[in-house]
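Structure at a glance
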2 protein chains.
Amino acid sequence: MATHDPAGTSTAERVEQAALRLFALRGFEGTGIRSIADEAGITLGSLYHYIGTKEDLLDRLMQKSMRGLLDPGREIVEATESPRGRIVKLVELHVRRHAEDNLLSIVGDAEIRSLTPARRRKAVALRDAYEALWEEAISDGSRQGDFHVPDVKLATFALLEMCSGVAYWYSSNGRLSLDAITKAFVEMTLSLLGVEPLASKPDAGPGGRLRRGAHP
Amino acid sequence: MATHDPAGTSTAERVEQAALRLFALRGFEGTGIRSIADEAGITLGSLYHYIGTKEDLLDRLMQKSMRGLLDPGREIVEATESPRGRIVKLVELHVRRHAEDNLLSIVGDAEIRSLTPARRRKAVALRDAYEALWEEAISDGSRQGDFHVPDVKLATFALLEMCSGVAYWYSSNGRLSLDAITKAFVEMTLSLLGVEPLASKPDAGPGGRLRRGAHP
DNA sequence: CTATAGCGATCGATCGACCGATAGATGGAC
DNA sequence: GTCCATCTATCGGTCGATCGATCGCTATAG
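The structure reproduced in this document is the subject of the present report. (Residues numbered from 1 in each chain as written. Chains lettered and ligands numbered in written order. Predicted model: local features only at pLDDT ≥ 70, side-chain atom pairs only at ≥ 80, totals over all residues. Heavy atoms only, no water.)

1. Here's the deal with the pattern of salt bridges
Scanning the model with the defined rule gives 30 salt bridges over all chains in all. Salt-bridge contacts for Lys153 of chain B lead to Glu135 of chain B; the nearest nitrogen and oxygen are separated by 3.0 Å. Of this pair, Lys153 of chain B sits in helix 8 (residues 152-164) while Glu135 of chain B sits in helix 7 (residues 117-143); the two residues are 18 residues apart in sequence, bridging distant segments of the chain. With a relative accessible area of 35%, Lys153 of chain B lands in the partly exposed category. With a relative accessible area of 25%, Glu135 of chain B lands in the partly exposed category. Put simply, Glu55, Asp56, Asp59 and Arg119 of chain A are held in one network by salt bridges that share partners. (Salt bridge = Lys/Arg side-chain N within 4 Å of Asp/Glu carboxyl O. Helix = DSSP H or I, 4+ residues; strand = E, 2+ residues; numbered from the N terminus. Buried < 20%, exposed > 50% of the residue type's maximum accessible area, 1.4 Å probe, protein only.)

Rendered as structure tokens:
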């Protein structure tokens, strides 16, 4: 029975959400399968109708987390020419996902080490492919003279880490809206990259590049 | 016996180092006490001559990690007047420690959740006190018109997270020296904070603020 | 319309392995 | 002789995982 319950959540989905919450809160090793079953509202024996092993469950969440960044990230890169446009959209994607799907992002970022070698290798490959999108955008922007950073690789790591942190403190009823947070991270990113302010509409003043991001 | 062995490392120190390595690599919950004893070169029974419980061991490392940031951080704040000088020295401290003591930093940053409530509260208080040093410097700098950020709290989190990431990839025989890395992170920090380039000696050109940090 | 065979979902009970922690015996240093 | 360090052996509990039985639903044969 129960293809779906009154609330519209199937047991399989409840299992996945339960595991996600617990893995994000206590970590993979710190979470027992009995806790997962409890959180999902079923017994231990029933849990194993939905999962292969505990690690299968983690692996599925991991893939979901990484695919949710890599696939849209690739679309952005294909669709956007300028390095500046690319990095802006990559930051927006990264921050939004780390806020809206913060639990999945935490698990994706922190639990790679809990995978056994074969699966860990695949997860690392996905992560590396995603990071390469950022590095390429920053590298291109630097070569074109649009970005000015002390080192491309360091800037890549710095920006990725900075944007990932959102997952650990974001709350949907916090002081700032997600839009405001995203906008702020885009501004900080462009500032870190040493981008001249967009010469679109504003009166940039004679010297240019003044007080970007100040909130008077 | 063995107040110290030929290599100058006491058993107590070997135990602590073993736990540190394993906690950083596999996490607190993912590390068994038998692994710690093995890594320290003693048996399980002997291990308990040096530790109270497994959590005592984590707590000691935790305190060490946080004190190593908070105490020097407070000295910096007391000794340095300008927000800019403070943030530069805080970044240097944070990056150096996260590189040189990367394992301790990883444990300190990631394993707060593994502490039981009473100890966790104390650890969180230390972390908050440390973060407050950063926030105050950034806040002061913004109020004085020296920094220009979209939001003080967001900039604080962004910078702390960005600098903490160093612990996960730093290697003493990597491409860049620790000095170079530290210098780059200071530059990226000042850029993110929207600091005008230091008006000390250089020919800043008519427009000022050009290509800071570029390595031509 | 009814009887029943099949099937997916769930259950309680249990497996061997490993967990953190303790006890008691042994040995060497001073 | 005392004391600290270390050992071996073992404790009760929890871990991840599996088992066979049962439940309720559905499809179909008569």
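Structure's up, so let's keep going.
2. Notes on the side chain of Glu55 of chain A
Residue and element names in this part refer to chain A. Mapped onto the elements of the fold, Glu55 is located in helix 4 (residues 54-79). A polar atom in the side chain of Glu55 sits 2.6 Å from the side chain of Thr116. Setting aside residues no more than four positions away along its own chain, Glu55 makes contact with Phe28, Leu115, Thr116 and Arg119. (Polar contact = N/O pair within 3.5 Å; in protein donor to acceptor, adjacent residues only side chain to side chain. Contact = heavy atoms within 4.5 Å.)

3. Here's the deal with the relation of the copies chain B and chain A
After a rotation of 180 degrees and a shift along the axis of 0.0 Å, chain B superposes on chain A with an RMSD of 0.1 Å. On the angle and the small slide along the axis, the relation comes out as a two-fold axis. A symmetric contact is evident, with 100% of the interface residues of chain B recurring at the interface of chain A. (Least-squares fit on C-alpha atoms with pLDDT ≥ 70 in both.)

4. Some points on the packing of aromatic side chains
According to the stated counting rule, one finds eight aromatic pairs over all chains in the structure shown. When the centroid spacing of 6.3 Å and the interplanar angle of 65 degrees are considered together, the rings of Tyr130 of chain B and Trp134 of chain B count as edge-to-face. Of this pair, Tyr130 of chain B and Trp134 of chain B both sit in helix 7, separated by four residues, roughly a single helical turn. The exposure class of Tyr130 of chain B is buried, given its relative accessible area of 5%. For the cation-ring pair, Lys54 of chain A lies above Phe28 of chain A, with the distance from its terminal atom to the ring centre recorded as 4.3 Å. (Phe/Tyr/Trp six-rings, centres within 6.5 Å; stacked < 30°, edge-to-face > 60°. Lys NZ or Arg CZ within 6 Å of the ring centre and 35° of its normal.)

5. Details of the protein's contact with DNA strand C
Taken together, 17 residues surround DNA strand C, and among them Thr43, Ser46, His49 and Tyr50 of chain A together with Lys54 of chain B come closest. Among the atoms of DNA strand C close to the protein, meaning within 4 Å, 49% are from sugar or phosphate groups. At a separation of 2.8 Å, a base oxygen of DNA strand C approaches a polar side-chain atom of Arg34 of chain B. Within the side chain of Lys54 of chain B, one N or O atom sits 2.7 Å away from a phosphate oxygen of DNA strand C. Counting only elements with at least two residues in the surface near DNA strand C, the list comes to helix 3 (44-47) of chain A together with helix 2 (33-40) and helix 3 (44-47) of chain B. Here the residues of the surface near DNA strand C sort into six nonpolar, nine polar and two charged. (Near = heavy atom within 4 Å. Nonpolar A, V, L, I, M, F, W, Y, C, P; charged D, E, K, R; others polar.)

6. Some points on the interface of chain B and chain A
Interfaces are often sized by the amount of accessible area the parts lose when they come together. Listed by partner, the interface residues are 41 residues for chain B and 41 residues for chain A. Around 3400 Å² of area is buried between chain B and chain A when both sides are counted, 62% of it from carbon and sulfur atoms. Of all residues in chain B, the largest losses of buried area upon contact with chain A belong to Arg113, Pro150 and Leu154 of chain B, amounting jointly to 19% of the total for that side. Where chain B touches chain A, the interface holds four salt bridges. Residue Arg175 of chain B pairs with Asp151 of chain A through a salt bridge whose shortest N-O separation is 2.8 Å. Linking chain B with chain A are six residue pairs in polar contact (both at pLDDT 80 or more), by the criterion used here. Per-class residue counts for the side of chain B that touches chain A are 19 nonpolar, nine polar and 13 charged. (Buried area = accessible area lost by both parts, 1.4 Å probe.)

7. Description of helix 7 (residues 117-143) of chain A
All names here are of chain A. Compared with the 39 Å implied by 1.5 Å per residue over 27 residues, the 37 Å span of helix 7 between its first and last C-alpha is a close match. Of the positions making up helix 7, those classed as buried are Ala123, Leu126, Tyr130, Leu133, Trp134, Ala137, Ile138, Asp140 and Gly141. Positive phi shows up at Gly145, right after helix 7, with a value of about 80 degrees. (Expected span 1.5 Å × (residues − 1).)

8. Let's talk about the protein's contact with DNA strand D
For DNA strand D, the set of nearby residues contains 16 residues, the closest of which are Leu44 of chain A together with Thr43, Ser46, His49 and Tyr50 of chain B. When atoms of DNA strand D within 4 Å of the protein are split into backbone and base, the sugar-phosphate part holds 50%. Arg34 of chain A places a polar side-chain atom, nitrogen or oxygen, 2.9 Å from a base oxygen of DNA strand D. Take His49 of chain B: an N or O atom from its side chain is 3.3 Å from a base oxygen of DNA strand D. Taken together, the residues of the surface near DNA strand D break down into six nonpolar, eight polar and two charged.

9. Brief notes about the environment of Ser142 of chain A
Residue and element names in this part refer to chain A. One can find Ser142 in helix 7. A C-alpha to C-alpha distance of 8.7 Å links Ser142 and Leu193, two positions 51 residues apart in sequence. In contact with Ser142, other than residues within four places in its own chain, are Phe147, Val149 and Val152.

10. Brief notes about the nonpolar core
Core analysis: the largest hydrophobic core is formed by 131 residues, its most contacted members being Ile87 and Phe185 of chain A together with Ile87 and Phe185 of chain B. Once you skip the residues sitting within four places of it in the chain, Phe185 of chain A turns out to touch Val91, Val95, Met162, Cys163, Val166 and Trp169 of chain A together with Leu154 and Ala158 of chain B. (Core = buried A, V, L, I, M, F, W, Y, C linked by side-chain atoms within 4.5 Å.)

11. Some remarks on the packing of helix 8 (residues 152-164) of chain A against helix 10 (residues 178-192) of chain B
Any two packed helices are characterised by the angle at which their axes cross and by the distance between the axes. Packing of helix 8 of chain A against helix 10 of chain B leaves a shortest axis separation of 11 Å and a crossing angle of 55 degrees. Relative to helix 10 of chain B, the element helix 8 of chain A lies oblique. Relative to helix 10 of chain B, helix 8 of chain A is oriented so that their crossing is right-handed. Judged by residue contacts, Leu154, Ala155, Ala158 and Met162 of chain A of helix 8 of chain A engage Ile181, Ala184, Phe185, Met188 and Leu192 of chain B from helix 10 of chain B. (Axes fitted to C-alpha atoms, helices over the stretch in contact; angles between N-to-C directions. Parallel < 35°, antiparallel > 145°, perpendicular 65-115°, else oblique. Left-handed = near helix turned anticlockwise from the far one by under 90°.)

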